[in-house]
Amino acid sequence: MSEQSKSPQDPDRTPRVVIVGAGMAGVQTAVALREQGWRGAITLLGDEPHQPYDRPPLSKAVLLGKADGSAFDIDFAGLGIDLRLGSPVTALRPDAHVVETGQGPIRYDHAVIATGAEPIRLPGSEGLADVHLLRTLDDAERLRPVLAAQHRIVVVGAGWIGAEFATAAREAGCEVTVVEAADHPLAGALPAAVAAYMTGWYADAGADLRTGVRVDSVTPGAVTLADGTTLPADAVVVGIGARPATAWLAGSGVALSPADGSVLADERLRTSAPDVYAVGDCASFPSARYGTRLLVHHWDNALQGPRTVAEDIAQGAAEGTVYDPVPYFWSEQFGRFVQYAGHHGDADELVWRGDPAGAAWSVLWLRGAGAGDGAGRLVALLAVGRPRDLAQGRRLIERGALLDRERAADATVPLKSAVR
């Protein structure tokens, strides 16, 4: 009899994995479990009524009416996955190996927390019908007629979501003003020296970007800024960040970060509670590569992490796979394809490749570049319209490659040829 035939809690019961969250991370965990040979039951709980869907198209094709949705092409029934939609989870009780839902408790042998992140709301905007977020399929559906009507829109926040929405709104013919409290766009992701070259993208696309100013209040039809300026607004779209959706874990004993609310997972994405894992936007994990704990709110993390979780559950190995990826994400904004790989927090030198005022350029972050030998270890890379730099650079970061500084700065030299 195989290890997975019976539950360790009840030898006469088929073991069950309960996955909380039916976004990318939850869906991929369920699929990866089958790929890894898990033959027990799998219950996948989603709080939305829609079939599980991919989120990146929401700010692009779905928002502009070019697609009706982005549902995953997965035969859940054929894989033996019990998909339960419209089933929000209210609590986790690790002591009893139970997940509490509105339809009653579900017992598990292994639980996976994959509840993602929730957008931060703009204080004072609660209850206003013309204030929107862009996180779910329903959010995108509500915004489609706003764009189709070519309304005047104020976007609060010049991060990734704000830039992508502004791009779509301008394509639809809307009048767009973007308000950012920091002194440059993408302030939470990139240093000012790099992001400064992205400021002009807004004006080139016909959008008005206002940095270094906060929103004071939102009223029907208008946004008032802290400097007294009043902006007319038929609609307001808020993109000021997201936080892990972990409030439902209160009292569960699952350790959360006091700084950001993320589930504190270990190097195999296990939580502090026995037989409970966490994956995707809701979980942070220790990175030996970067010597710090990472919280990665991006699609690739939700795709890669589930494989580690599934292997640990299905194979039951004494030493599972350590999860220490090179973070990767991309954004399509203002006619440009922007890609980023790595983590530049502990870099000590920035190297430019190409003209940042042009259409295609890259930025490299090196560590240990002050040693005086003209070389540094590549730890992160931003590529604008240079996908080959990204592809080569990502592999070099994984290898911990040392680059010759001068050759790396020559945009005509392939990155792989700049390795020391």
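Here we take up the overall build of the chain. Each helix and strand counted, the chain has eight helices and 27 strands in total. Relative to the compact-globule value of 22 Å for 420 residues, the chain shows a C-alpha radius of gyration of 23 Å, a close match. C-alpha atoms of the chain, sized along the principal axes, occupy 65 × 60 × 40 Å. Burial statistics for the chain: of 420 residues in total, 51% are counted as buried. Sequence-distant contacts in the chain: of pairs separated by 6 or more residues, those separated by 24 or more amount to 60%. About 17,700 Å² of surface is accessible on the chain, with carbon and sulfur atoms providing 49% of the total. Where the 38 positive side-chain charges of the chain centre and where its 51 negative ones centre are 4 Å apart.

Let us now look at unusual backbone geometry. For histidine 97, which is not glycine, the phi dihedral falls at a positive 55 degrees. Among the structural elements, histidine 97 can be located in the loop between β4 (89-93) and β5 (98-101). Residue classification places histidine 97 among the buried positions, given a relative accessible area of 10%. Even without glycine at this site, leucine 269 takes up a positive phi of about 65 degrees. Here leucine 269 shows up in the loop between β18 (263-264) and β19 (276-278).

It is worth spelling out the environment of alanine 96 at this point. Relative to the assigned elements, alanine 96 resides in the loop between β4 and β5. The sequence separation of alanine 96 and glutamine 339 amounts to 243 residues, and the corresponding C-alpha distance is 44 Å.

Counted under the stated rule, the structure contains 10 aromatic pairs. With centroids separated by 5.4 Å and ring planes inclined at 75 degrees, the aromatic side chains of tyrosine 197 and tryptophan 352 adopt a geometry described as edge-to-face. Remark: tryptophan 352 occurs in strand β24 (residues 349-353) and tyrosine 197 occurs in the loop between α4 (192-195) and α5 (199-204); sequence separation between them is 155 residues. Owing to a relative accessible area of 27%, tryptophan 352 belongs among the partly exposed residues under this scheme.

We now examine the sheet that holds strand β1 (residues 16-20). Read from one edge of the open sheet, five strands run β3-β2-β1-β7-β19, paired in parallel fashion. Every other strand in the sheet has two partners, leaving β3 (81-84) and β19 as the edge strands with one partner each. The mean angle between the axes of side-by-side strands here comes to 15 degrees, regardless of whether they run parallel or antiparallel.

Turning our eyes to something else, we now look at the sheet that holds strand β21 (residues 292-295). Taken in spatial order, the three strands of this open sheet run β18-β20-β21, and their pairing is mixed. In this open sheet, the two edge strands, each paired with only one partner strand, are β18 and β21. The sheet contact formed by β18 and strand β20 (residues 283-287) spans two bridges and is parallel. The residue of β20 that forms the bridge with leucine 264 is serine 284.

Following the sequence through the fold, glutamine 392 ends up in helix α7 (residues 387-399). Within the local environment of glutamine 392, its side chain forms a polar contact with the backbone nitrogen of lysine 416, the two atoms lying 3.0 Å apart. Here glutamine 392 is in contact with Pro414, Leu415 and Lys416, once residues within four sequence places are set aside.

This part covers the confidence of the model for the chain. On average, residues of the chain carry a pLDDT of 94, and 96% of them reach 70 or more. Note on residues 1-6: pLDDT under 50 across the span, and 15 contacts to partners over four residues away in sequence or across chains.

Considered as a pair, tryptophan 352 and aspartate 410 are 58 residues apart in the sequence and their alpha carbons are 8.5 Å apart. Residues within four places of tryptophan 352 in sequence aside, it is in contact with Ala193, Val194, Tyr197, Trp361, Ser362, Val363 and Ala409.

Quick look at helix α6 (residues 299-315) now. Over its 17 residues, α6 extends 25 Å from the first C-alpha to the last, a length consistent with the 24 Å expected when each residue adds 1.5 Å. Of all 17 residues making up α6, 12 are buried, and the element is well covered by its neighbours. By the burial criterion, the buried members of α6 are Asp300, Asn301, Ala302, Leu303, Gly305, Pro306, Thr308, Val309, Ala310, Asp312, Ile313 and Ala314. Backbone geometry just downstream of α6 places glycine 316 in the positive-phi region, at approximately 60 degrees.

Moving on to the packing of helix α1 (residues 24-35) against α6. In the contact formed by α1 and α6, the axes pass within 8 Å of each other and the chain directions differ by 35 degrees. When you trace α1 past α6, the crossing you get is right-handed. Here Met24, Ala25, Gln28, Thr29, Ala32 and Leu33 of α1 come into contact with α6, specifically with Trp299, Ala302, Leu303, Pro306, Arg307, Val309, Ala310, Ile313 and Ala314.

Looking now at the pairing of strand β6 (residues 104-107). In this sheet, β6 lies alongside β5 in antiparallel orientation, the contact comprising four bridges. Paired with valine 98 across the two strands is arginine 107, which belongs to β6.

This brings us to the nonpolar core. By size, the foremost hydrophobic cluster in this structure holds 97 residues, and its most contacted members are Ile19, Leu147, Ile153, Phe165, Leu190, Trp365 and Leu382. Not counting chain neighbours up to four residues away, the residues in contact with leucine 382 comprise Leu190, Val194, Met198, Val338, Gln339, Tyr340, Trp361, Ser362, Val363 and Trp365. In terms of nonpolar packing, the next biggest core, distinct from the first, is built from 19 residues, Leu45, Val89, Val99 and Val254 among them.

Working note: α-helix, 3.6 residues per turn, so residues spaced by three or four point in the same direction. With 12 residues, α1 should cover 16 Å at 1.5 Å per step; its first-to-last C-alpha distance of 16 Å lies within 8% of that length. Across the 12 residues of α1, 10 count as buried, placing the element largely inside the fold. For α1, the set of buried residues is Met24, Ala25, Gly26, Val27, Gln28, Thr29, Ala30, Val31, Ala32 and Leu33. Looking at the buried positions of α1, the neighbouring elements they touch are β1, β2 (41-45), β3, β7 (110-113) and α6. Backbone geometry just after α1 places glycine 37 at a positive phi near 95 degrees.

So, how was this worked out
- Residues numbered from 1 in each chain as written.
- Predicted model: local features only at pLDDT ≥ 70, side-chain atom pairs only at ≥ 80, totals over all residues.
- Heavy atoms only, no water.
- Helix = DSSP H or I, 4+ residues; strand = E, 2+ residues; numbered from the N terminus.
- Rg over C-alpha atoms; globule rule 2.2 N^0.38 Å.
- Buried < 20%, exposed > 50% of the residue type's maximum accessible area, 1.4 Å probe, protein only.
- Contact = heavy atoms within 4.5 Å.
- Areas by Shrake-Rupley, 256 points an atom, 1.4 Å probe, with all protein chains shown as cover.
- Lys, Arg positive; Asp, Glu negative; His and termini not counted.
- Charge placed at Lys NZ, Arg CZ, Asp CG, Glu CD.
- Phe/Tyr/Trp six-rings, centres within 6.5 Å; stacked < 30°, edge-to-face > 60°.
- Pairing = 2+ DSSP bridges.
- Axes fitted to C-alpha atoms, helices over the stretch in contact; angles between N-to-C directions.
- Polar contact = N/O pair within 3.5 Å; in protein donor to acceptor, adjacent residues only side chain to side chain.
- pLDDT = per-residue confidence, 0-100.
- Expected span 1.5 Å × (residues − 1).
- Left-handed = near helix turned anticlockwise from the far one by under 90°.
- Core = buried A, V, L, I, M, F, W, Y, C linked by side-chain atoms within 4.5 Å.

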